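# Reading the structure
These are the residues of each chain, in order.
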Amino acid sequence: MSARGGTGPEPTTAGMNADGDAGAPGTVPGAGMNADGPAAATTAVPGAGMQADAESGVPAAGAGTAVAGAPQSRSTDIVAGPGGVMTDEVGVVTGELTLRTEYTDGQVALTVQYKDADEWYAVTGGRAALPDPAGLDAVHGIAVGLLDRPEG
């Protein structure tokens, strides 16, 4: 009898694989979820925790369909926390801002503007190499989490 209170083999994988293939013993296929496709190890998508309909090899419409080298960006309204956000051009900006994370040619850059203003300012230290544009959403999410502090 297993520790789970039933009979049968003990689980050997973590995560979930919807096609019922548990993978090799002791492996963690994708460490997330893999639905309607081959094992995660053969269709890995860097930075993704979920792989759906991987057999086609074509991303879902609108998801990651950017042209190589073309700029991509994400924008979110934030409220800067105590001390504001340091920028290269004007120093600290505070209050209601719009944060933009832009990916171009292997680089990601953060800029802010006062909400509904025209001028954009580079966030000090907000530029880094990003080899895969699929990471843009993750970088933007982290930046929002760090800079959006409406409660202080």
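Residues numbered from 1 in each chain as written. Predicted model: local features only at pLDDT ≥ 70, side-chain atom pairs only at ≥ 80, totals over all residues. Heavy atoms only, no water.

## Description of the overall build of the protein chain
This is how it is decided: Numbering goes from the N terminus for both helices and strands, where a helix is a DSSP run of H or I of at least four residues and a strand is a run of E of at least two. We call a residue buried when its accessible area falls under 20% of the maximum for its residue type, exposed when it is over 50%, and partly exposed in between, using a 1.4 Å probe and counting protein chains only. Should any heavy atoms of two residues lie within 4.5 Å, those residues are considered in contact. Here, Shrake-Rupley sampling with a 1.4 Å probe gives the accessible areas, and only protein chains in the shown set may cover a residue.
On a plain count of helices and strands, the protein chain comes out with 1 helix and 9 strands. Walking the protein chain from its N terminus toward its C terminus, one meets helices and strands in the order β-β-β-β-β-β-β-β-β-α. Residues counted as buried form 26% of the 152 residues belonging to the protein chain. Restricting the contact set of the protein chain to residue pairs at least 6 apart, pairs at least 24 apart contribute 37%. Accessible area of the protein chain: about 9,300 Å², with a carbon and sulfur share of 57%.

## Here we look at the side chain of Thr-98
This is how the line gets drawn: Think of a polar contact as two N or O atoms within 3.5 Å of one another; within protein, one of them needs to be a possible hydrogen donor and the other a possible acceptor, and neighboring residues in sequence only count if both atoms come from side chains.
With respect to the helices and strands, Thr-98 occurs in strand E7 (residues 96-104). Reaching out from Thr-98, the side chain makes a polar contact with the side chain of Asp-77 at a distance of 2.8 Å. Among residues more than four places away in sequence, those in contact with Thr-98 are Ser-75, Thr-76, Asp-77, Thr-111, Val-112, Gln-113, Lys-115 and Trp-120.

## Brief notes about the confidence of the model for the protein chain
Selection rule: For every residue, the predictor reports its confidence as pLDDT, a number between 0 and 100.
Per-chain confidence: the protein chain averages 72 in pLDDT, with 54% of residues scoring 70 or above. When the criterion is pLDDT under 50, residues 1-6 qualifies, and its contacts beyond four places in sequence or with other chains add up to 7 contacts.

## Considerations on the side chain of Thr-111
Mapped onto the elements, Thr-111 comes out in strand E8 (residues 107-114). Not counting residues up to four positions away in its chain, the partners in contact with Thr-111 are Thr-98, Leu-99, Arg-100, Trp-120, Tyr-121, Ala-122 and Val-123.

## Concerning the pattern of salt bridges
Condition: Put simply, a salt bridge is a Lys or Arg side-chain nitrogen that is within 4 Å of an Asp or Glu carboxyl oxygen.
The final tally for this structure, using the stated rule, is 2 salt bridges. Here Arg-74 makes a salt bridge to Asp-137, at a shortest N to O gap of 2.5 Å. Here Arg-74 is found in strand E4 (residues 72-79), whereas its partner Asp-137 is found in helix H1 (residues 136-147), with 63 residues between them in sequence. On the basis of relative accessible area, Arg-74 is assigned to the partly exposed category, the value being 28%. A relative accessible area of 47% means that Asp-137 is categorised as partly exposed. With a closest N to O distance of 3.7 Å, Asp-77 and Lys-115 form a salt bridge. Within this pair, whereas Asp-77 is found in strand E4, its partner Lys-115 is found in the loop between E8 and strand E9 (121-129), the two being separated by 38 residues in sequence. Classification of Lys-115 by relative accessible area gives partly exposed; the value is 37%.

## Overview of H1
Note the following rule: Here, expected helix span is obtained from the residue count minus one, scaled by 1.5 Å. The arc in question is traced by the directions running from the helix axis to the C-beta atoms.
If you check H1, its first and last C-alpha atoms are 16 Å apart, about what 12 residues at 1.5 Å a residue would give, namely 16 Å. By the burial criterion, the buried members of H1 are Leu-136, His-140, Ala-143, Val-144 and Leu-147. With its buried residues spanning 100° around the axis, H1 presents them on a single face. Facing away from the buried side of H1 by more than 90 degrees, the exposed set consists of Ile-142 and Leu-146. Residues of H1 that are buried make contact with E4, strand E5 (85-87), E7 and E8.

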